[in-house]
Amino acid sequence: MAKKTDRLPISQSRKFILSNDTQFAIKEAYKTARTNLVFSLAENEKRIVVITSCSPSEGKSTNCLNMAITMAETGASVLLIDCDMRKPVVHSLLRLDNKTGLSSVLGGIVRDVSKVIDRNVRPHLDILTSGPIPPNPAELISGSKMDQLLELVGDHYDYVFIDTPPANVVTDAFLLNTRTAGVILVIKEGHTTHDEIRECLDKAKMTNCRILGFIKANCLGKSTKGGYKYKYKYKNNYYKYSEYK
Ligand SMILES: Nc1ncnc2c1ncn2[C@@H]1O[C@H](COP(=O)(O)OP(=O)(O)OP(=O)(O)O)[C@@H](O)[C@H]1O
Ligand SMILES: [Mg+2]
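A brief look at the structure comes next. Positions within a chain are numbered from 1, following the residues in the order the chain's sequence is written. Whichever chain is written first becomes A and whichever ligand is written first becomes 1, with later ones labelled in order. A pLDDT threshold of at least 70 governs which residues receive local features in this predicted model, and a stricter bar of 80 or more applies before side-chain atom pairs are shown or counted, although totals over entire chains, interfaces and linings include all residues. Values reported for side chains reflect all heavy atoms of the structure, with hydrogen atoms and water molecules removed beforehand.

### Quick notes on the overall build of the protein
Selection criterion: Under the scheme used here, helices are H or I runs from DSSP no shorter than 4 residues and strands are E runs no shorter than 2 residues, and both carry numbers assigned from the N terminus. Three labels apply to residues, based on accessible area from a 1.4 Å probe with only protein chains included: buried if under 20% of the type maximum, exposed if over 50%, partly exposed otherwise in between. We call two residues contacting when some pair of their heavy atoms lies within 4.5 Å. Only the protein chains shown count as cover for residues, and all accessible areas are computed by the Shrake-Rupley method using a 1.4 Å probe.
Looking only at helices and strands, one finds 10 helices and eight strands in the protein. Considering the protein as a whole, with its 245 residues, one finds that 51% of them fall into the buried category. A sequence separation of at least 24 residues applies to 78% of the contacts in the protein between residues at least 6 apart. Of the roughly 12400 Å² of accessible surface on the protein, 51% is carried by carbon and sulfur atoms.

Below you can see the structure in the form of structure tokens.
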């Protein structure tokens, strides 16, 4: 039976995007995730990171954007690519125009990617929205134009974060493996099952894809007096792959 996904209207989803109003504990959790990510990439030349999850609606887009924002806060130049050309939301979360974007470049409609990148959406953070939904996202992602694009942005930006569709549903996230540093898997507390995680890790292994770490989303914070309460209702935790094994 399909699981209930509880998708919120976009106006409510925007409140999970980091801002000046975000709770301290949430910002700190993302900073910890950032530190762990920086260390896991230290010896890797490509700082292109794919964000995915096992199933729909587990917080990929929210966490991709928040990781990109948190990284850009260090002063590093960051690009977020909305590579979910099936159900793109990054443009809606940020109120950006999406008439052109990634699909326009990969489809050959726009030659110069710099013309479709939204600059400084937040300080040091640029965004490449998905563009119009194409009929063949997996083919576009596997094509040579995607290679060229990632080569170009990998040279230009300090970090590139790529939002993707769920990995147990479509192959898009793992199609990027040879051209990126690896994948961060978002796990939704109380929702993602061990079987789903196992299936996803098997897929990663089969495609030689490196799992950089996990973000546990929608965690309940632990009360200092014992027991659980909604102290950090939206706290996220980052785990290294080695901690999971
Ligand atoms: N920390 C959170 N706590 C509660 N709800 C959240 C949290 N983060 C995101 N959500 C909500 O969960 C839903 C899914 O989030 P999001 O779009 O980031 O997931 P997704 O994995 O990218 O989904 P899709 O598979 O459709 O691409 C949205 O309605 C969003 O508002
Ligand atoms: Mg998404």
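### A few points about the side chain of Asn177
Looking at the element boundaries, Asn177 is found in the loop between α8 (172-175) and β6 (182-188). Judged by relative accessible area, which is 18%, Asn177 ranks as buried.

### Brief notes about the side chain of Asp82
Here is the rule we go by: The charged-residue count follows a simple rule in which Lys and Arg add positive charge and Asp and Glu add negative charge, with His and chain termini not counted at all. By definition here, a salt bridge exists when the distance from a side-chain nitrogen of Lys or Arg to a carboxyl oxygen of Asp or Glu is within 4 Å. Pairs of N or O atoms are called polar contacts if they sit within 3.5 Å, as long as, within protein, a hydrogen donor faces a hydrogen acceptor (for residues adjacent in sequence, only side-chain-to-side-chain pairs).
Relative to the helices and strands, Asp82 is located in strand β2 (residues 78-82). No salt bridge is formed by the buried Asp82; its nearest oppositely charged neighbour, Lys60, is found at 10 Å. Here Val90 takes part through its backbone nitrogen, which lies 3.3 Å from a polar atom of the side chain of Asp82. If near-sequence neighbours (up to four positions away) are discounted, Asp82 is found in contact with Pro88, Val89, Val90, Leu102, Leu128, Thr129, Ser130 and Asp163.

### Remarks on helix α3 (residues 60-72)
Applied cut-off: Working rule for helices: expected span equals 1.5 Å times residues minus one.
For α3, built from 13 residues, the straight-helix expectation of 18 Å at 1.5 Å per residue is met to within 8% by its first-to-last C-alpha distance of 18 Å. The buried fraction of α3 amounts to 12 of the 13 residues, a majority that puts the element mostly inside the structure.

### What about the site of ligand 1?
Definition in use: Throughout, the term near means that a residue has one or more heavy atoms lying within 4 Å of the molecule or strand in question. Asp, Glu, Lys and Arg are counted as charged, while Ala, Val, Leu, Ile, Met, Phe, Trp, Tyr, Cys and Pro are counted as nonpolar; the rest, among them Gly, fall into the polar class.
Close contacts around ligand 1 come from 16 residues, with Arg7, Leu8, Ser13, Lys60 and Thr62 the closest. One of the side-chain nitrogen or oxygen atoms of Arg7 is found 2.6 Å away from an oxygen atom of ligand 1. Note that an oxygen atom of ligand 1 is positioned 3.4 Å from one of the side-chain N or O atoms of Asp84. Protein contacts shield 92% of the accessible area of ligand 1, which totals 630 Å² for the unbound molecule. Element by element, the count of residues in the shell around ligand 1 is highest for α3, at three residues. Residue composition of the shell around ligand 1, grouped by class: five nonpolar, six polar and five charged.

### Quick look at helix α7 (residues 144-156)
The condition is simple: What the arc covers is the set of directions going from the helix axis to the C-beta atoms.
If you check α7, its first and last C-alpha atoms are 19 Å apart, about what 13 residues at 1.5 Å a residue would give, namely 18 Å. Considered for burial, the residues of α7 that qualify are Met146, Leu149, Leu150 and Val153. Axial view of α7: buried residues confined to an arc of 95°, hence all on one face. In α7, the exposed positions angled more than 90 degrees off the buried face are occupied by Gln148, Glu151 and Asp155.

### Thoughts on the packing of helix α2 (residues 24-41) against α3
For the record, the criterion: Note on geometry: axes are lines fitted to C-alpha atoms, helical ones only across the stretch in contact, with angles between N-to-C directions running from 0 to 180 degrees. Any angle from 65 to 115 degrees is called roughly perpendicular, while one under 35 is roughly parallel, one over 145 is roughly antiparallel, and all others are oblique.
Their axes nearest at 9 Å, the elements α2 and α3 cross at an angle of 80°. The angle between α2 and α3 places the two elements in the roughly perpendicular class. Of the residues in α3, those in contact with Tyr30, Lys31, Ala33, Arg34, Leu37 and Val38 of α2 are Asn63, Asn66, Met67, Thr70 and Met71. For the contact of α2 with α3, the residue count by class is six nonpolar, three polar and two charged.

### Topic: the pairing of strand β7 (residues 211-219)
Let me state the cut-off plainly: Strand pairing is defined by DSSP finding a minimum of two bridges between the two strands. Clockwise travel from the first strand over the helix to the second, with the strands pointing away from the viewer, marks a crossover as right-handed.
Counting buried positions along β7 gives seven out of nine residues, so the element sits mostly inside the fold. Pairing of β6 with β7 involves six bridges; the strand directions are parallel. Looking across to β7, one finds that Leu185 is bridged to Phe214. Remark: the β6/helix α9 (residues 194-206)/β7 crossover connection has right-handed handedness.

By themselves these figures say nothing about function.
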